[in-house]
There are 4 protein chains.
Amino acid sequence: MAPRTPKAVIKVDPQKRPWEQEKPLHNRWHPDIPPVAVVQEGELFRVETVDWTGGQIHDNDSAEDVKIIDLSTVHYLSGPIKVLDSAGVPAKPGDLLMVEISNLGPLPGDEWGFTGTFDRENGGGFLTDHFPSATKAIWYFDGIFASSRHIPGVRFPGLIHPGLIGTAPSKELLDIWNSRERKLVEDGENATTLGGILHTRPLANLPLAKGALLGKVESASKEWDRIAGEAARTIPGRENGGNCDIKNLSRGSRVYFPVFVDGANLSMGDMHFSQGDGEVSFCGAIEMSGFLELRCEILRGGMEKYLTPMGPSKLHVNPIFEIGPLEPRFSEWLVFEGISVDESGRQHYLDASIAFKRAVLNAIHYLSKFGYTKEQVYLLLSCCPCEGRISGIVDCPNAVATLAIPIAIFDQDIRPKKEVVPFGPKLINRGDVCKSTYDGALPLTKNLAED
Amino acid sequence: MAPRTPKAVIKVDPQKRPWEQEKPLHNRWHPDIPPVAVVQEGELFRVETVDWTGGQIHDNDSAEDVKIIDLSTVHYLSGPIKVLDSAGVPAKPGDLLMVEISNLGPLPGDEWGFTGTFDRENGGGFLTDHFPSATKAIWYFDGIFASSRHIPGVRFPGLIHPGLIGTAPSKELLDIWNSRERKLVEDGENATTLGGILHTRPLANLPLAKGALLGKVESASKEWDRIAGEAARTIPGRENGGNCDIKNLSRGSRVYFPVFVDGANLSMGDMHFSQGDGEVSFCGAIEMSGFLELRCEILRGGMEKYLTPMGPSKLHVNPIFEIGPLEPRFSEWLVFEGISVDESGRQHYLDASIAFKRAVLNAIHYLSKFGYTKEQVYLLLSCCPCEGRISGIVDCPNAVATLAIPIAIFDQDIRPKKEVVPFGPKLINRGDVCKSTYDGALPLTKNLAED
Amino acid sequence: MAPRTPKAVIKVDPQKRPWEQEKPLHNRWHPDIPPVAVVQEGELFRVETVDWTGGQIHDNDSAEDVKIIDLSTVHYLSGPIKVLDSAGVPAKPGDLLMVEISNLGPLPGDEWGFTGTFDRENGGGFLTDHFPSATKAIWYFDGIFASSRHIPGVRFPGLIHPGLIGTAPSKELLDIWNSRERKLVEDGENATTLGGILHTRPLANLPLAKGALLGKVESASKEWDRIAGEAARTIPGRENGGNCDIKNLSRGSRVYFPVFVDGANLSMGDMHFSQGDGEVSFCGAIEMSGFLELRCEILRGGMEKYLTPMGPSKLHVNPIFEIGPLEPRFSEWLVFEGISVDESGRQHYLDASIAFKRAVLNAIHYLSKFGYTKEQVYLLLSCCPCEGRISGIVDCPNAVATLAIPIAIFDQDIRPKKEVVPFGPKLINRGDVCKSTYDGALPLTKNLAED
Amino acid sequence: MAPRTPKAVIKVDPQKRPWEQEKPLHNRWHPDIPPVAVVQEGELFRVETVDWTGGQIHDNDSAEDVKIIDLSTVHYLSGPIKVLDSAGVPAKPGDLLMVEISNLGPLPGDEWGFTGTFDRENGGGFLTDHFPSATKAIWYFDGIFASSRHIPGVRFPGLIHPGLIGTAPSKELLDIWNSRERKLVEDGENATTLGGILHTRPLANLPLAKGALLGKVESASKEWDRIAGEAARTIPGRENGGNCDIKNLSRGSRVYFPVFVDGANLSMGDMHFSQGDGEVSFCGAIEMSGFLELRCEILRGGMEKYLTPMGPSKLHVNPIFEIGPLEPRFSEWLVFEGISVDESGRQHYLDASIAFKRAVLNAIHYLSKFGYTKEQVYLLLSCCPCEGRISGIVDCPNAVATLAIPIAIFDQDIRPKKEVVPFGPKLINRGDVCKSTYDGALPLTKNLAED
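It should be emphasised that the depicted structure is a prediction, and the values quoted were computed from it without experimental measurement.

**Brief notes about the overall build of chain A**
Here's step 1: For chain A, the helix and strand inventory stands at six helices and 24 strands.
Here's step 2: The globule rule puts the C-alpha radius of gyration for 451 residues at 22 Å, and the 22 Å found for chain A is close to it.
Here's step 3: Overall, the C-alpha framework of chain A stretches about 70 × 55 × 45 Å when taken along its three principal axes.
Here's step 4: Burial status across chain A gives 64% buried among its 451 residues.
Here's step 5: In chain A, the share of contacts with a sequence separation of at least 24, taken over all contacts with a separation of at least 6, comes to 78%.

As structure tokens, this is what we get:
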């Protein structure tokens, strides 16, 4: 018998719906969602996950499924997993839980993924005011490489990672989340701007019983109703890690999670074959089902030793990550810059979000000159291995953000050139991403520059 | 005679004051500052620059010079340089000017640099509410390596780059800058918050005749007064490039600048031996004098071909960068994360600046456990080759920003460890950065968490 | 259904013996070994392989199995696979066959490997005169990482690759092989030196019916006897690729093989979890069973277009390789040098093999000062991701070869240091690799320097 | 005053002849060549060197100067430099001398270099039987990049390094060198083969008074005659380092040299802007004048602690190298393979030199299909950043060597392609390297395959 075959603790069948899986999935954060598996420190174990939407998106040429997706049901997570030390004692609040991602990949037999932008009325994306319609691109995998019939002429190796991985919050931490996010919604919902920014996307996603899946919590019980009513949504990353979407968190990486409940209760999902920094289109990575092989270690008392809370509670902390030694090597990058002046020409104060938005828009416009539609580039920048940097954050009033794109992913030379090189035959009719029919109004675009 | 010896077009003497240099320097952006040199497409030429403060900061153990610096005089730039094509025809508005940085380095005989944080009342920095006092660290260079008596135990290779390089704005573009920055100041100056953010730093730096240095413009003339009164300050990066502080813009990189005036009028300065993404402490890179060897190419009509304006004018564009193939290789990184919840626990909406602030604060607190003061780490993260990433910008309400620090720059293992490793003798009394005596009030810190 | 699930064309069960596998394996090169599978250009397909010894080596603490191994039976290969173009026409002699290694890894459920040195009387290794006994180290895999109870204190990510992959030779090429290798044996067998070098290892491995496994060739037939009598052994790499042991031939790489027979008849095996350049201990990589996901393309007439024969026949060619973009990043290397002066102090003429031998011996001696036995280091350098370079091959009379070892694979700092750092507790009794009892004579070592 | 300006200890003027330099150069190894400079541990110092031929090769379009070069005069070295510890005590025999290459580059005002192959009758090169004539290519530098009018269509960043750096031998070590090299010449001079290899190049370069330059040794003295008669030539690398031609020994690298004489007596020269592993054409790097900024440290007793002699004397050791963190990143490589079968089809026994020769010949033939002459490619592979690897050294009878070439250095895509891409206009008439007229006989080529 092979000694290091990972113990399969959670299996999924991507052909089944999320609630039909053998070990129940969950799509909310709550301390009272019971563990479905137990692992011990040092043990190599394997977790499988469905894609974040639980199979709502299909391999076809219409974005209708992206348009009508029910976002109250995402993300479908595998777990929680209870972690014990080698003596069988669970991780305790105050510990750090080291999780090494020893290996990971697409689920055998399910080697494909999708990237999409949501309709502005149903989730939107970073550039929803420019790209309000739902779109979708399907990616197929040749081993480490991804390519798409909807975005021809690019092929790149994936830096596979879990978009979402985290420990369960304690009740105290959950209350902090709900309270601060509720305040944000209250402050913003009657205003069209928030922090001076027009907001056309949901300000936050507050607890919602509709769509909740709570693992082993008995359904149609009072307990279910209580938990569903207060459990946090999984959309944002928070103190427990969660949906942090760190694109380099791949093979050989380690995460040091704070532990808030007995056993740590680790959950994960939202596997990405590849993602660009920022994951700008929101459904933005190459989303897929997948597997992870993991190994844990408990650092007793590690929260106090290594983390420092910042805020009114001791719980305001963030995990620490250690990036692994395996990453595709790219030698040449084309870099687009943005400053914190918005598309209407208005000056903002050291706003890195706006600077990054400009950098992404600049890149989209530039690349659209090479035979792509802007929608194609928007999706591509969301999922290819591009790097989004905060280059300067101190030179009042302009933050400078940059987006660096590896040149080698394209089958043509995308650098600016002195000579006019006419587009070759392969660039004619590159086709298009698949779209839905958008019927929303676009009141804001009149303020936006022509794009 | 050697055929590729770069033509020395601008020399400086770092022992002289900025206004005593042979070819006059300038510290403002204006189309009417005349060129001091002319180069031709293809020609390799060499430009020397003083440090951005023009010698105001000294190699000693007091931060008093940083505290009292006159920021109305920065940045001292070498140029403008007029660029002709091979037929002698100048670059024209609408062209792109490709500038290749063939080589660059510290000025021979002046191989040292400084990193500082300004006093909160005189410029501040990204974390001025946490670190309101002026501090300073001096760095010495051993060839490609930098080390500091003020931050012992670290040594790293520099990724040398110009913090500031750009073409001259046209009058039309200058007016746009002045107008939008003035509006920002007007909107914000009577409020303590701007975009929901407390602002304790200058909102913008509007035109100011005091401190202006205008190159060949005749001093004590009407022309001088006019130009000084409308010329843009050099602090922020803008459409012309300028102070973009892109840390990877090193040997072998190329920049594609928009051309706004005849001859392009390229200027540069603010050489950095090394900088961290964000340059968080503001005087944040390892600031030095230096030289650049450059080569230009004119892409006629390139602005329309490759750039797309976004805003009410055709001039709202940004340069494009192509990063070179030489970069220090680091295999292991420790990564700190921040989300858009501020230090008081308040939730902000997808604010990457706040998320990055949290990531930096997390890193400072963590590294301060390894024998450093927080001030030392703040300076270190400002100037070491760390990467600031926008990891997620779509998961409402939390933007996720990360700060990745190469582990190899430390002479100790800074990873979280299961066992308690007591600090060795070399860690005791690591000393401290040099400080000024701060006498400002700190009204805001009562709202901030203990750090 | 997922569209890019690789088609499983050859499966193996590592618990079964080589001749019991569902699709018969083979361990000789011959044009008349019939294909066991057919694939089409563009198709993604999956091949599984047993380890090169077909299960002769076991996960235990004795090297007895290495000592008594029957080398007449290696390497056990999966294939041949016949390749057709998209119209169903087979690859033809004169074509190039591009094979992309889209993905590969250990066989699920069999995640371990071994590294060994053979007894000098049974195969030996590069340093057999210094290390005449059989030894063995067992490696377990944590995802991408390997570690061994027999060589504690090291852990490294694998750069997984097939040690052996190639197309079938034509009869004409086979005859060339047999003829030239027979001549070598004849020239050398009655001499103790060959090319001035003592040879204590087999000069070549000529055709041998004993131990042959010939796939679908009917056993106990005249045909079997004929083929077994003339089929080439698989030990050396040759014109068809074969046992080229190129350590970087990992995920995303491509090989352009010459095609010598109809259908190309591609075979492969000898999977390595990791290997050092040179594979010095002979059984030197981390040997394992495994899987490959592959994709082929036929370049019609490519041999003439891209290869140039050198020798009396048109068939004297070599494949071309294109290395993939994924490789562990190591930033720091310790490099050992050797020159073509042998261990007895004798000068040889530009002999890179001797120079490399010295570099490896230097590295072994150096690393043995850090708590390892020399046998442990010999095995380690054989399988860890070290680089063996021919640095200078022209400076008469010394060739210079170097061996570069990534520092990060050790859990201690192995650099030379000014201060004496006493070995810590974890270094005492690091244990040892498992050994066999060697009973051979050592007549040569009296001529060798003390090691 | 700047604190880390390197102390200029040796300056050269490349316009002067070697014997006219201010501090006398030397071109032999001998313990009695007196130091010309003294440095102290920790001190940063600067050494300038002439090119290895001392100005015999010129920037023109004829290879006549390469053909008639006087090789009895090379390499011209700067030094010896005596090294003291911080207390003023010299390095002693038995110590290790750590030398850090903090920075290095071309000599300002002399930014060009040359690559050549020698005439077979005057030095030859690795492939002298294929390329018997003298050829030359001139390279100009644009900062970090090199390009040549003689090999158009390639441009690459240099990995600048000293080809030759070493400590002075003791008399005992010198005697060992002379004795073993003399024996090689005696054994080989009356045979046409040595170790089974045809040798058409000098077997070794024994001491020769003609052409000797001995630094401060008084000329026309008995002492001069004695030293000139026994001093070792500088062509090969040996125990003291010397002409090791390690292409990665660039900025930030360290060498740990054995010390054989009081003060260590460090010398260096033969600066290379770039070199391929193997330096195959012999005058094979981009040869130039240059400067180095260095820092030393003495590890007392380090030879015994870190080196292990192998041979009849305690002096049979080699330096250790630590490669720096700065190297051009190349993501894609085309790899050519060779096995130890020579060009006539003859099988050799595990001979890495022959395998590497085949790999280089394969690469030359392949690249000559892209518009280059074979002579151009031979020169290019000698000096571009290609990697020569010993991939397999154990699979009897074939050693496998590989030559990996970074694809990005070419301005065309050199990968094998399915479609025939006709050479574009820029490939027609790529011109040629400059040649001499060769008048030697070529008796061997009748045995060699057509190339």
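Moving on from the coordinates now.
**A closer look at the interface of chain B and chain D**
Here's step 1: Facing 28 residues of chain B, the contacting portion of chain D comprises 28 residues.
Here's step 2: Elements with a contribution of two residues or more to the side of chain B that touches chain D: β5 (96-106), β7 (135-142), β18 (290-299) and β20 (326-328) of chain B.
Here's step 3: Per-class residue counts for the side of chain B that touches chain D are 12 nonpolar, six polar and 10 charged.
Here's step 4: Here β20 of chain B runs beside strand β20 (residues 326-328) of chain D; their pairing, made up of three bridges, is antiparallel. Pairing of leucine 326 of chain B across the sheet is with proline 328 of chain D, part of β20 of chain D.

**Remarks on the relation of the copies chain B and chain D**
Here's step 1: For the pair chain B and chain D, the relating rotation is 180 degrees, the translation along its axis is 0.0 Å, and the fit reaches an RMSD of 0.0 Å. Seen this way, the second copy is the image of the first under a two-fold rotation axis.
Here's step 2: A share of 100% of interface residues in chain B that are also interface residues in chain D marks the association as one of identical surfaces.

**Quick word on the relation of the copies chain B and chain A**
Here's step 1: Least-squares fitting of chain B to chain A yields an RMSD of 0.0 Å, with the superposition described by an axial translation of 0.0 Å and a rotation of 180 degrees.
Here's step 2: Most of the interface of chain B is mirrored in chain A: 99% of its interface residues are interface residues there too.

**Considerations on the packing of helix α5 (residues 352-367) of chain C against helix α5 (residues 352-367) of chain D**
Here's step 1: Between α5 of chain C and α5 of chain D, the shortest axis-to-axis distance is 6 Å and the interhelical angle comes to 115 degrees. The angle between the axes of α5 of chain C and α5 of chain D places the two elements in the roughly perpendicular class. For the pair α5 of chain C and α5 of chain D, the contacting residues are Ala352, Ser353 and Phe356 of chain C in the first and Ala352, Ser353 and Phe356 of chain D in the second.
Here's step 2: For the contact of α5 of chain C with α5 of chain D, the residue count by class is four nonpolar, two polar and no charged.

**Structural notes on unusual backbone geometry**
Here's step 1: With an omega dihedral of -5 degrees, the bond running from glycine 79 of chain B to proline 80 of chain B counts as a cis peptide bond.
Here's step 2: Positive phi is not limited to glycine here, since aspartate 245 of chain D has a value of about 55 degrees.
Here's step 3: Within the fold, aspartate 245 of chain D resides in the loop between β14 (241-242) and β15 (254-258).
Here's step 4: By C-beta crowding, aspartate 245 of chain D is classed as buried, having 28 other C-beta atoms within 10 Å.

**Describing the pairing of strand β3 (residues 44-49) of chain C**
Regular strands place their side chains on alternate faces of the sheet.
Residue and element names in this part refer to chain C.
Here's step 1: With respect to burial, β3 is a largely interior element, six of its six residues being buried.
Here's step 2: Across the two faces of β3 the burial is the same, with Leu44, Arg46 and Glu48 and Phe45, Val47 and Thr49 all buried.
Here's step 3: Here three bridges tie strand β1 (residues 7-10) to β3, and the two strands are oriented parallel to one another. From the neighbouring strand, alanine 8 faces β3, where its bridge partner is arginine 46.
Here's step 4: With six bridges joining them, β3 and strand β18 (residues 290-299) adopt antiparallel strand pairing. In the strand pairing of β18, threonine 49 is matched with glycine 290.

**Overview of the interface of chain B and chain A**
Here's step 1: Each partner contributes residues to the interface: chain B has 98 residues there, and chain A has 97 residues.
Here's step 2: Per element, the largest residue contribution to the side of chain B that touches chain A is eight residues, and it comes from helix α5 (residues 352-367) of chain B.
Here's step 3: Its residues placed into classes, the side of chain B that touches chain A shows 46 nonpolar, 29 polar and 23 charged.
Here's step 4: Where strand β19 (residues 320-323) of chain A meets strand β21 (residues 333-339) of chain B, four bridges bridge the pair, whose relative direction is antiparallel. In the sheet register, glutamate 322 of chain A faces β21 of chain B, and the bridge partner there is leucine 334 of chain B.

**With respect to the packing of α5 of chain D against helix α6 (residues 374-383) of chain D**
All names here are of chain D.
Here's step 1: For the pair α5 and α6, interaxial distance at closest approach is 9 Å and the crossing angle is 130 degrees. On the basis of their axis angle, the class for α5 and α6 is oblique. Considering the relative orientation of α5 and α6, their crossing is right-handed. Contacts between α5 and α6 involve Val360, Ala363, Ile364 and Leu367 on the former and, on the latter, Lys374, Val377, Tyr378 and Leu381.
Here's step 2: The residue inventory of the contact of α5 with α6, partitioned by class, reads seven nonpolar, no polar and one charged.

**Some points on the domain arrangement of chain A**
Residues and elements named next belong to chain A.
Here's step 1: Entries for chain A in the domain assignment read domain 1 (7-322) and domain 2 (333-437).
Here's step 2: One C-alpha centre belongs to domain 1, the other to domain 2, and the line joining them spans 27 Å.
Here's step 3: Every contact between the two is made by 37 residues of domain 1 and, on the other side, 29 residues of domain 2.
Here's step 4: The set of elements that each furnish at least two residues to the side of domain 1 that touches domain 2 consists of α1 (64-67), β6 (112-117), β7 (135-142) and β17 (282-288).
Here's step 5: Class assignment for the residues of the side of domain 1 that touches domain 2 results in 15 nonpolar, 14 polar and eight charged.

**Notes on the nonpolar core**
Here's step 1: Counting 570 residues, the largest nonpolar core has Leu97 of chain A, Leu97 of chain B, Leu97 of chain C together with Leu97 of chain D as the members making the most contacts within it.
Here's step 2: Counting residues per element, this core draws most heavily on helix α5 (residues 352-367) of chain A, which supplies 11 residues.
Here's step 3: Filtering out sequence-adjacent residues up to four positions away, leucine 97 of chain D remains in contact with Val83, Ala91, Thr167, Phe257, Val259, Ala264, Leu266, Cys296 and Ile298 of chain D.

**Re the environment of glutamate 322 of chain C**
Here's step 1: Here glutamate 322 of chain C lies in strand β19 (residues 320-323).
Here's step 2: With 20 C-beta atoms counted inside 10 Å, the residue glutamate 322 of chain C sits in the buried group.
Here's step 3: Counting along the chain gives 222 residues from glutamate 322 of chain C to glutamate 100 of chain C, while the straight-line C-alpha distance between them is 9.1 Å.
Here's step 4: Excluding residues within four positions of it along the chain, glutamate 322 of chain C makes contact with Ser253 and Arg254 of chain C together with Leu334, Val335 and Arg415 of chain D.

**With respect to the environment of glycine 241 of chain A**
All names here are of chain A.
Here's step 1: Within the secondary structure, glycine 241 sits in strand β14 (residues 241-242).
Here's step 2: Sequence separation between glycine 241 and histidine 130 is 111 residues; the distance between their C-alpha atoms is 30 Å.
Here's step 3: Ignoring any residue separated from it by four or fewer positions in sequence, one finds glycine 241 in contact with Ile165, Gly166, Thr167, Val255, Phe257 and Pro319.

**Section: helix α2 (residues 171-188) of chain A**
Residues and elements named next belong to chain A.
Here's step 1: In this model, α2 (18 residues) spans 26 Å end to end at C-alpha, consistent with the 26 Å of a helix rising 1.5 Å per residue.
Here's step 2: Of the residues making up α2, those classed as buried are Leu173, Leu174, Ile176, Trp177, Glu181, Leu184 and Gly188. Viewed along the axis of α2, the buried residues span an arc of 160 degrees, placing them on a single side of the element. Opposite its buried face, α2 presents the exposed residues Ser179 and Glu186, each directed more than 90 degrees away.

**Observations concerning the confidence of the model for chain A**
Residues and elements named next belong to chain A.
Here's step 1: Summing up the model confidence of chain A, the mean pLDDT is 90 and the portion of residues at 70 or higher is 91%.
Here's step 2: The low-confidence segment residues 421-430 (pLDDT under 50) makes eight contacts with residues lying over four places distant or belonging to another chain.
Here's step 3: Low pLDDT (under 50) marks residues 440-451, which in the prediction has 22 contacts with non-local residues, meaning those over four places away or in another chain.
Here's step 4: The ipTM value of the predicted complex is 0.91, and its pTM value is 0.91.

Quick notes on the rules
- Residues numbered from 1 in each chain as written.
- Chains lettered and ligands numbered in written order.
- Predicted model: local features only at pLDDT ≥ 70, side-chain atom pairs only at ≥ 80, totals over all residues.
- Helix = DSSP H or I, 4+ residues; strand = E, 2+ residues; numbered from the N terminus.
- Rg over C-alpha atoms; globule rule 2.2 N^0.38 Å.
- Buried ≥ 20, exposed ≤ 12 C-beta atoms within 10 Å, placed from the backbone.
- Contact = placed C-beta atoms within 7 Å.
- Nonpolar A, V, L, I, M, F, W, Y, C, P; charged D, E, K, R; others polar.
- Pairing = 2+ DSSP bridges.
- Least-squares fit on C-alpha atoms with pLDDT ≥ 70 in both.
- Axes fitted to C-alpha atoms, helices over the stretch in contact; angles between N-to-C directions.
- Parallel < 35°, antiparallel > 145°, perpendicular 65-115°, else oblique.
- Left-handed = near helix turned anticlockwise from the far one by under 90°.
- Domains from an automatic or database assignment.
- Core = buried A, V, L, I, M, F, W, Y, C linked by C-beta atoms within 7 Å.
- Expected span 1.5 Å × (residues − 1).
- Arc of directions from axis to C-beta.
- pLDDT = per-residue confidence, 0-100.

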